[in-house]
Amino acid sequence: MAWSPRRSAGRRLQLPLLCLLLQGATAILFAIFVRYNRETDAALWHWGNHSDADNEFYFRYPSFQDVHVMIFVGFGFLMVFLQRYGFGSVGFTFLLAAFALQWSTLIQGFFHSFRGGYILVGVESMINADFCAGAVLISFGAILGKTGPVQLLLMALLEVVLFGLNEFVLLSLLEVKDAGGSMTIHTFGAYFGLILSRVLYRPQLEKSKHRQGSVYHSDLFAMIGTIFLWIFWPSFNSAPTALGDGQHRTALNTYYSLTASTLSTFALSALVGGDGRLDMVHVQNAALAGGVVVGTSAEMMLTPFGALAAGFLAGAISTLGYKFFTPILESKLKVQDTCGVHNLHGMPGVLGALLGVLVAGLATHEAYGDGAPAEAAHPGLPARRPVL
Amino acid sequence: MAWSPRRSAGRRLQLPLLCLLLQGATAILFAIFVRYNRETDAALWHWGNHSDADNEFYFRYPSFQDVHVMIFVGFGFLMVFLQRYGFGSVGFTFLLAAFALQWSTLIQGFFHSFRGGYILVGVESMINADFCAGAVLISFGAILGKTGPVQLLLMALLEVVLFGLNEFVLLSLLEVKDAGGSMTIHTFGAYFGLILSRVLYRPQLEKSKHRQGSVYHSDLFAMIGTIFLWIFWPSFNSAPTALGDGQHRTALNTYYSLTASTLSTFALSALVGGDGRLDMVHVQNAALAGGVVVGTSAEMMLTPFGALAAGFLAGAISTLGYKFFTPILESKLKVQDTCGVHNLHGMPGVLGALLGVLVAGLATHEAYGDGAPAEAAHPGLPARRPVL
Amino acid sequence: MAWSPRRSAGRRLQLPLLCLLLQGATAILFAIFVRYNRETDAALWHWGNHSDADNEFYFRYPSFQDVHVMIFVGFGFLMVFLQRYGFGSVGFTFLLAAFALQWSTLIQGFFHSFRGGYILVGVESMINADFCAGAVLISFGAILGKTGPVQLLLMALLEVVLFGLNEFVLLSLLEVKDAGGSMTIHTFGAYFGLILSRVLYRPQLEKSKHRQGSVYHSDLFAMIGTIFLWIFWPSFNSAPTALGDGQHRTALNTYYSLTASTLSTFALSALVGGDGRLDMVHVQNAALAGGVVVGTSAEMMLTPFGALAAGFLAGAISTLGYKFFTPILESKLKVQDTCGVHNLHGMPGVLGALLGVLVAGLATHEAYGDGAPAEAAHPGLPARRPVL
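Going by the annotation in an unreviewed UniProt entry, the name recorded for chain A is Ammonium transporter Rh type B, with Odocoileus virginianus given as the source organism. In its Sequence similarities (unreviewed entry) section, UniProt records this for chain A: "Belongs to the ammonium transporter (TC 2.A.49) family. Rh subfamily." Turning to chain A, the UniProt annotation filed under Subunit (unreviewed entry) states: "Interacts (via C-terminus) with ANK2 and ANK3; required for targeting to the basolateral membrane."

Applying the stated criterion across every chain yields a total of 15 salt bridges over all chains. Its salt-bridge partner being Asp-245 of chain A, residue Arg-249 of chain A comes within 2.9 Å of it at the nearest N-O pair. Here the residue Arg-249 of chain A and the residue Asp-245 of chain A both occupy positions in helix α9 (residues 245-272), the gap between them amounting to four residues, near one helical turn. For the residue pair Arg-249 of chain A and Asp-245 of chain A, the accessibility class agrees, reading buried in each case. For the salt bridge of Arg-60 of chain B with Glu-56 of chain B, the shortest nitrogen-to-oxygen distance reads 2.9 Å.

Before going further, it helps to examine the environment of Val-136 of chain C. Residues and elements named next belong to chain C. Of note, Val-136 is situated in helix α5 (residues 123-143). Put simply, Val-136 and Leu-96 are 40 residues apart on the chain and 7.8 Å apart in space, counted from C-alpha to C-alpha. Those residues in contact with Val-136 that sit more than four places away from it in its chain are Leu-96, Ala-100, Met-155, Ala-156, Glu-159 and Val-160.

Let's shift gears to the packing of aromatic side chains. Tallied over the entire structure, the rule returns 67 aromatic pairs over all chains. When the centroid spacing of 5.1 Å and the interplanar angle of 85° are considered together, the rings of Phe-59 of chain A and Tyr-58 of chain B count as edge-to-face. You can see Phe-59 of chain A sitting in helix α3 (residues 57-78) and its partner Tyr-58 of chain B sitting in helix α3 (residues 57-78), one on each of two chains. Assessed through its relative accessible area of 13%, Tyr-58 of chain B is described here as buried. Connected via pairs of aromatic rings, a cluster forms that spans Phe-30, Phe-57, Tyr-58, Tyr-61 and Phe-64 of chain A together with Phe-59, Tyr-255 and Tyr-256 of chain C.

With 60 residues of chain C at the contact, the number on the chain A side is 62 residues. Contact between chain C and chain A buries roughly 5300 Å² in total, counting both sides, with carbon and sulfur atoms accounting for 78%. It is His-248, Tyr-255 and Leu-263 of chain C in chain C that bury the most area against chain A; as a group they hold 14% of the surface buried on that side. Between chain C and chain A we count 15 residue pairs in polar contact (both at pLDDT 80 or more) in total. Counting only elements with at least two residues in the side of chain C that touches chain A, the list comes to α3 (57-78), α8 (216-238), α9 (245-272), α10 (280-285), α12 (304-333) and α14 (365-368) of chain C. Tallying contributions element by element places α9 of chain C first for the side of chain C that touches chain A, with 17 residues. Partitioned by chemical class, the residues of the side of chain C that touches chain A number 39 nonpolar, 16 polar and five charged.

Once chain C is rotated about the relating axis by 120° and shifted along it by 0.0 Å, it coincides with chain A to within an RMSD of 0.0 Å. The transformation just described matches what one would write down for a three-fold rotation axis. No C-alpha of chain C lies nearer the rotation axis than that of Pro-62 of chain C, which sits 3.7 Å from it. When you check the interface residues of chain C against chain A, a mere 8% turn up at the interface there too, and the two sides of the contact use different surfaces.

A separate point is a nonpolar patch on the surface. All names here are of chain C. Residues Leu-158, Leu-162, Leu-165, Val-169, Leu-173 and Leu-174 make up a contiguous nonpolar surface patch of about 500 Å² in total accessible area. Tracing the backbone through its elements, the reader meets Leu-162 in helix α6 (residues 149-173). Classification of Leu-162 as partly exposed rests on a relative accessible area of 32%.

Remark: a regular strand shows side chains that alternate across the two faces of the sheet. All names here are of chain B. For strand β1 (residues 34-36) and strand β3 (residues 118-121), the ladder comprises three bridges, and the chain directions are parallel. Bridged to Tyr-36 within β3 is Val-121. Relative to β3, strand β2 (residues 114-115) runs antiparallel, the two sharing two bridges. Among the inter-strand pairings, Arg-115 is bridged to a residue of β3, identified as Tyr-118. The hairpin turn running from β2 into β3, its antiparallel successor, is two residues long, and Gly-116 in that turn takes a positive phi close to 60°.

Turning our attention to the sheet that holds strand β1 (residues 34-36) of chain C. Sheet architecture is open: three strands sit in the order β1-β3-β2 (chain C), paired in mixed fashion. Lying at the two open borders of the sheet, with one neighbouring strand each, are β1 and β2 (114-115) of chain C.

This part covers the interface of chain B and chain C. The partner chain C presents 62 residues to the 61 residues of chain B that form the contact. Buried area between chain B and chain C, both sides added, is near 5300 Å², and the carbon and sulfur share of it is 78%. Considering only the surface of chain B that becomes buried against chain C, His-248, Tyr-255 and Leu-263 of chain B emerge as the three largest contributors, covering 14% of it. Summed over the shared surface of chain B and chain C, the result is zero salt bridges. Linking chain B with chain C are 15 residue pairs in polar contact (both at pLDDT 80 or more), by the criterion used here.

Reading guide: rules and limits
- Residues numbered from 1 in each chain as written.
- Chains lettered and ligands numbered in written order.
- Predicted model: local features only at pLDDT ≥ 70, side-chain atom pairs only at ≥ 80, totals over all residues.
- Heavy atoms only, no water.
- UniProt positions renumbered as here; feature names shortened; annotations may be inferred.
- Salt bridge = Lys/Arg side-chain N within 4 Å of Asp/Glu carboxyl O.
- Helix = DSSP H or I, 4+ residues; strand = E, 2+ residues; numbered from the N terminus.
- Buried < 20%, exposed > 50% of the residue type's maximum accessible area, 1.4 Å probe, protein only.
- Contact = heavy atoms within 4.5 Å.
- Phe/Tyr/Trp six-rings, centres within 6.5 Å; stacked < 30°, edge-to-face > 60°.
- Buried area = accessible area lost by both parts, 1.4 Å probe.
- Polar contact = N/O pair within 3.5 Å; in protein donor to acceptor, adjacent residues only side chain to side chain.
- Nonpolar A, V, L, I, M, F, W, Y, C, P; charged D, E, K, R; others polar.
- Least-squares fit on C-alpha atoms with pLDDT ≥ 70 in both.
- Patch = residues over 30% accessible without salt bridge, like charges linked within 9 Å, V, L, I, M, F, W, Y side chains within 5 Å.
- Areas by Shrake-Rupley, 256 points an atom, 1.4 Å probe, with all protein chains shown as cover.
- Pairing = 2+ DSSP bridges.

Now the structure itself:
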């Protein structure tokens with residue numbers, strides 16, 4: 001970041017002042033609105049007759065921690081592949097995500113867990129805030145290298161609000177189910193970022209394309225990100241689902257889907273590679289598409305075969321997207337998608353939403369049984385994603 | 001991978017076609033045979049009267065995730081120490097393990113959880129499939145750098161079947177207990193890999209030995225693998241054990257055993273080092289032998305002292321193996337054990353099996369109590385490793 | 001490590017012999033004193049009428065594993081930023097922590113869980129031993145690069161005893177509450193290390209200051225450490241607290257506190273940086289101060305706003321400490337604090353203790369409710385940190 005000497009004093013203060021302003025504002029809003037919920041408040045929890053073992057902490061905190069690793073390690077290091085931008089991507093991920101967690105606790109709280117004038121918080125609000133931070137980081141991936149921390153924080157300020165609004169419309173008004181966020185997180189984050197990337201389009205960026213090159217160690221760091229995302233994606237999709245068989249089945253389906261997207265990514269990458277070589281960018285990204293594509297449907301009775309088929313398709317489409325679609329996006333639509341989020345989150349997210357509609361449409365009463373909640377078998381009923 | 005231009009078109013298609021073929025075959029078998037089990041099926045779970053908190057997911061999924069990290073991060077990065085092969089080791093680990101998870105779900109399912117014509121799956125089949133993938137990666141460690149992805153996939157295709165067969169013979173027919181897989185995973189994986197390495201022996205590999213050298217950053221990446229394996233090994237051994245005290249005790253014993261193998265590794269490494277220096281290869285590998293050696297016995301009443309003693313012995317033997325036995329293996333038996341899996345998995349695995357026999361033989365009714373399952377106190381009764 | 005040729009034989013044996021001696025001594029003490037507790041002993045657990053689901057393993061083991069990652073990955077890699085010392089910092093972390101786990105199991109056991117002549121162990125003793133190892137590693141951070149493994153092991157031998165004594169005085173005699181260890185872990189570990197650093201002061205170290213420089217990849221490795229510490233700090237503080245709302249609230253408060261310390265670190269770092277640039281050392285360290293500062297109070301009814309305010313303050317103080325106080329410490333007091341543990345653990349730890357007094361003092365019966373344990377509302381009553 002070069003700037004003219006005369007403006008340096010002013011610009012130098014931008015980041016500190018923005019951080020302080022945002023932190024001050026969220027702190028005041030926290031003081032006014034945010035309170036412990038029944039599971040985290042000492043008096044509320046000890047009122048009534050139940051065991052400490054019933055606290056929701058024990059059912060969701062391990063999954064939360066896996067999601068937390070994905071947001072900070074996964075997304076942070078996945079973007080390190082841009083050699084010259086390595087520390088920036090990890091450092092700004094850290095700043096952006098930390099702010100997004102606070103801000104989305106407020107925004108999502110107003111939309112989903114506002115009770116008696118207060119936003120009530122616990123492990124589920126932590127999971128949901130992490131999800132929103134995930135969407136912000138997906139958008140960051142589309143504009144990586146084009147902008148500095150001040151603009152990124154302003155992006156997060158806006159995006160978190162739109163995320164909450166979009167989620168409210170989809171989950172609460174349209175009563176759509178989307179536990180793993182195929183629509184609310186991946187599709188939203190990807191297209192928000194792509195629109196921003198179009199706005200920030202700078203043709204001269206092409207000239208410095210060699211600076212975007214990755215090197216051996218950068219790629220290994222990026223693989224750290226990839227692998228942690230791959231490992232913990234079953235927890236990402238299952239963290240907010242219904243307890244019991246719902247959470248269990250979601251994790252299992254996501255696990256199968258990821259194995260299939262990995263195989264199809266290696267197959268397609270070697271197939272479209274000029275000389276049969278694997279492209280590391282495909283392996284680092286498209287192999288994860290299996291997690292995205294079952295975000296909506298993994299909670300449903302997708303069947304193990306359905307999970308494999310969905311993952312296979314997503315890995316293939318994502319790999320082909322990196323090979324053929326990203327160059328068109330840049331040359332024709334002037335959208336420079338630095339990390340290829342359209343291929344990893346955009347297309348598989350849309351595919352995942354369609355898959356959700358399909359699986360919900362095919363659902364039979366028999367498959368879900370008598371004891372199953374009615375909405376599990378029927379699309380269009382209240383979302384099961386618990387946001388309190 | 002260099003190849004003659006004329007054959008390039010054919011060879012270039014080998015990997016994609018093999019991936020597609022294997023994925024197609026497992027997908028068809030999944031469609032025919034694999035179904036959700038009682039804990040992951042909506043209708044089955046909601047039939048009957050029990051709490052969602054009873055779902056096995058909450059007892060095993062956190063351990064599963066730790067095992068999953070070990071397989072993909074641990075084994076993947078541990079092998080990065082070969083500088084020129086860094087990305088290959090992580091990338092091929094990824095491909096191999098993804099395929100092995102699907103394939104072993106089928107093979108282990110046929111042997112262990114085939115009910116009414118269907119393979120029933122849930123968190124335990126996920127854990128067991130990860131274990132089998134672990135054995136495949138141990139074998140990969142023995143032949144690292146000698147072969148490409150096509151041969152590795154074919155190796156996995158064969159090894160997973162033999163793994164399932166060996167496990168069936170040991171656990172189901174001979175009714176041996178081996179929760180942490182000293183025999184079924186470590187010993188089997190190591191010797192399978194060593195036999196392959198003998199088959200693939202190429203004398204000229206010695207000449208390019210300098211290419212096997214590790215460098216500063218490669219060693220740090222390898223330490224990421226080592227440390228994640230070290231941290232999560234208590235979960236590896238305890239993931240499939242009996243619930244309650246069994247799982248608790250297994251984790252505790254493994255934790256103690258690993259601290260002792262670390263101390264003996266540092267002691268022996270400095271002792272046998274030419275000038276008192278520590279050898280990084282020892283630290284990266286032999287320090288983990290404490291996890292392997294208690295794989296069979298950690299579930300038993302090994303006692304904390306017993307865990308320390310076992311770990312100490314394993315670390316010492318493993319370090320001495322790297323120093324003295326690996327060179328003999330190569331020069332006399334023509335087995336080039338790239339990662340030294342004979343030292344980390346082979347010898348400590350055999351030692352662990354013997355230790356299991358000893359501890360089971362010493363078991364008294366008093367030590368396990370009235371409430372303890374009979375087989376806990378007596379070897380030769382049905383294995384407690386639940387495979388459904 | 002250079003040494004004179006004549007002494008080399010003797011010095012070369014120091015590390016192996018010390019390791020063997022220490023391991024032998026702890027093994028003998030384990031054989032005499034350490035036994036499974038009610039939750040890990042087969043006979044004791046199966047005696048009586050309770051469900052396996054009640055075993056403490058399921059309430060604390062996931063948190064333990066997070067703490068374990070922090071100790072070995074977090075502290076290990078955080079110190080890698082010293083380029084020339086990278087492998088040493090990870091390797092010696094490994095050795096030191098492994099020994100400290102065994103030794104503190106004994107020392108803490110004698111002080112806190114000595115029943116009928118035996119030290120009883122289970123998941124809580126694992127957590128507490130990890131905490132003690134954390135304090136040892138904090139001290140290591142103060143003297144990093146100044147000493148070899150033999151001296152470090154001797155330091156651990158002494159420090160673990162003093163740690164246990166200090167903890168016994170604070171928690172058992174003075175009946176202070178300090179679940180997350182603001183006092184017992186962070187403040188103690190920091191000042192112990194700083195005193196050692198003063199003792200080991202060598203003026204010529206300044207001359208080789210350029211060797212302390214960090215480089216691109218070292219900083220990325222250090223960020224791996226930072227981020228894992230940041231992610232899992234909620235588990236660190238909540239691992240030993242009361243079950244139910246206590247554990248839940250502690251994690252939530254720590255999570256908020258960390259987001260605020262991150263924002264204040266970025267703000268202050270950019271503000272005090274000469275040209276508005278962020279200092280990586282601040283980001284790698286001060287962003288974590290939010291976890292330290294709520295170590296004592298996160299279990300209490302701190303309120304979400306209180307957590308943000310505490311984290312903000314800690315991040316700011318810590319960043320300013322790196323900028324202004326560390327140079328003074330070195331030039332005036334001859335204390336070379338290599339990793340700046342005074343800024344990350346020392347000052348935030350003291351601040352955390354004061355905050356604990358404040359929050360405990362402000363506690364009302366109303367805030368904790370009828371069902372809440374009396375001591376939660378009143379300072380000076382028995383510590384809730386369970387050490388059995």
